[in-house]
Amino acid sequence: MPDPAPRLTRQDIARRVARELPDGAVVNLGIGIPAMCANYLPPGVEVRYHAENGILGFREIHPDGEGDPDLMDAGGKFPRIVPGMAFFDSVESFALIRGGHVDVTVLGGLQVSRCGDLANWMIPQRGIGSIGGAMDLAANTKRVIIAMEHTAKGDVTKIVDECAFPLTARRCVSMIVTDIAVIDVLPDGRGLLLRETERHVDAHPLRNPLRGSGQTGRCNRKFNVRVRNPGKHLAGLRKHIFGR
């Protein structure tokens, strides 16, 4: 059965996340959708991107098939060289992370709980996974934004009451941006607050997104980005947002 809810592209998710990156910030981008944010900064905003393997200060990523193969970030992408870039070893790079000097990190997610717990490194059924630098970034960055598609294969929601997958870090997530919604994670485990929906999505069924969250989600505005498959509103969209 085709998904009745209109979905943003992965590029549109990255574009929306890029609007959350403050001017002058040190930002670490994870693999996949997060890495795309480097190419969607709003005009007038400059950030210094950081990579765990020892790069600070790059801005954009070369398109596939371009770039210097001897200069890549931790995700295997090729940054454009710009004046002021710094190169150092991974020991210094993780010292920056653990010292709290990274302002924002954007990571992908397999599951996010209503308290902001993050699981993003292993699916137990597959039995393999590598946590990499995600644990350090999630635990030590001032603001953690998760960029992901809202549901996994089989229409299984990724936003859950409690994570069933191995955790990357507890209560670390500040915001979730998916292909249909922007959701704030409230401090001190107080739950989730719906902030935006994709402009073709009816926000009413998204209120009180998770039982026990103690909050009523209010949609303050709509996405201002292109939608891949505009469609009609779905009155029962709760199932597609929070699996309910």
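Structure shown above.
Here the structure is a predicted model, which means the values were calculated and not measured. (Residues numbered from 1 in each chain as written. Predicted model: local features only at pLDDT ≥ 70, side-chain atom pairs only at ≥ 80, totals over all residues. Heavy atoms only, no water.)

Here we look at the overall build of the protein
Inference 1: Counting secondary structure elements, the protein contains five helices and 17 strands.
Inference 2: When burial is assessed residue by residue, the protein has 49% of its 244 residues classed as buried.
Inference 3: Long-range contacts, defined here as pairs at least 24 residues apart, represent 63% of the contacts in the protein between residues at least 6 apart.
Inference 4: Approximately 11,800 Å² of the protein is accessible, and the part contributed by carbon and sulfur atoms is 50%. (Helix = DSSP H or I, 4+ residues; strand = E, 2+ residues; numbered from the N terminus. Buried < 20%, exposed > 50% of the residue type's maximum accessible area, 1.4 Å probe, protein only. Contact = heavy atoms within 4.5 Å. Areas by Shrake-Rupley, 256 points an atom, 1.4 Å probe, with all protein chains shown as cover.)

Notes on the packing of aromatic side chains
Inference 1: By the definition in use, this model includes one aromatic pair.
Inference 2: Look at Tyr-49 and Phe-58: their rings are 5.5 Å apart centre to centre, the planes differ by 35°, and that puts the pair in the tilted class.
Inference 3: A relative accessible area of 0% means that Tyr-49 is categorised as buried.
Inference 4: Of the residues examined, Phe-58 reaches a relative accessible area of 4% and is grouped as buried. (Phe/Tyr/Trp six-rings, centres within 6.5 Å; stacked < 30°, edge-to-face > 60°.)

Quick notes on helix 3 (residues 90-98)
Inference 1: Among the residues of helix 3, those classed as buried are Ser-93, Phe-94 and Ile-97. Considered in projection along helix 3, the buried side chains sweep an arc of 90° and stay on one side of the axis.
Inference 2: Of the surrounding secondary structure, the elements contacted by the buried residues of helix 3 are strand 2 (48-51) and helix 4 (134-140).
Inference 3: Looking one or two residues beyond helix 3, the residue adopting positive phi is Gly-100, at roughly 80°. (Arc of directions from axis to C-beta.)

Brief notes about the nonpolar core
Inference 1: Counting 26 residues, the largest nonpolar core has Val-17, Val-27, Tyr-49 and Val-106 as its most contacted members.
Inference 2: Elements represented by at least two residues in this core include exactly helix 1 (10-18), strand 1 (26-29), strand 2, strand 3 (55-58), strand 5 (104-107), strand 10 (143-147) and strand 14 (175-177).
Inference 3: The dominant element in this core, judged by the number of residues it contributes, is helix 1, at three residues.
Inference 4: Non-local contacts of Val-27, meaning those with residues more than four positions away in its chain, are made with Leu-21, Val-47, Arg-48, Tyr-49, His-50 and Val-104.
Inference 5: Ile-97, Ile-146, Met-148 and Ile-159 belong to the second largest nonpolar core, which has 24 residues in total. (Core = buried A, V, L, I, M, F, W, Y, C linked by side-chain atoms within 4.5 Å.)

What to know about unusual backbone geometry
Of all residues except glycine, most have a negative phi; of all peptide bonds, most are trans.
Inference 1: With a phi angle near 65°, Asp-155 is a residue other than glycine that sits in the positive phi range.
Inference 2: Turning to its location among the elements, Asp-155 is positioned in the loop between strand 11 (151-152) and strand 12 (156-157).
Inference 3: The class for Asp-155 is partly exposed, based on a relative accessible area of 27%.

Things to note about the pairing of strand 1
Inference 1: In strand 1, alternate side chains face the same way, and those of Val-26 and Asn-28 on one face and Val-27 and Leu-29 on the other are all buried.
Inference 2: Here strand 1 pairs with strand 2 via three bridges, running parallel. Residue pairing for strand 2: Asn-28 is matched across the bridge by His-50.
Inference 3: In this structure, strand 1 lies alongside strand 5, joined through three bridges in parallel fashion. Bridge pairing links Asn-28 to Thr-105 in strand 5. (Pairing = 2+ DSSP bridges.)

Quick notes on the layout of surface pockets
Vacant regions in the atomic arrangement are exposed by a probe of water-molecule size rolled over the atoms.
Inference 1: Empty space within the largest pocket amounts to approximately 770 Å³.
Inference 2: Along its surface, the largest pocket is lined by 39 residues, and Gly-30, Ile-31, Gly-32, Gly-108 and Asn-120 are the ones closest to its centre.
Inference 3: Elements represented by at least two residues in the lining of the largest pocket include exactly strand 1, helix 2 (33-36), strand 2, strand 8 (122-123) and helix 4.
Inference 4: Looking at the lining of the largest pocket residue by residue, the classes come out as 21 nonpolar, 11 polar and seven charged.
Inference 5: When its volume is computed, the second largest pocket comes out at roughly 250 Å³.
Inference 6: Counted by class, the lining of the second largest pocket contains five nonpolar, three polar and three charged residues. (1 Å grid on protein atoms, 1.4 Å probe; cavity = no way out; pocket = protein on both sides within 12 Å on 5 of 7 lines; lining within 4 Å. Points joined across faces, edges and corners; volume = space filled by probe spheres on them. Nonpolar A, V, L, I, M, F, W, Y, C, P; charged D, E, K, R; others polar.)

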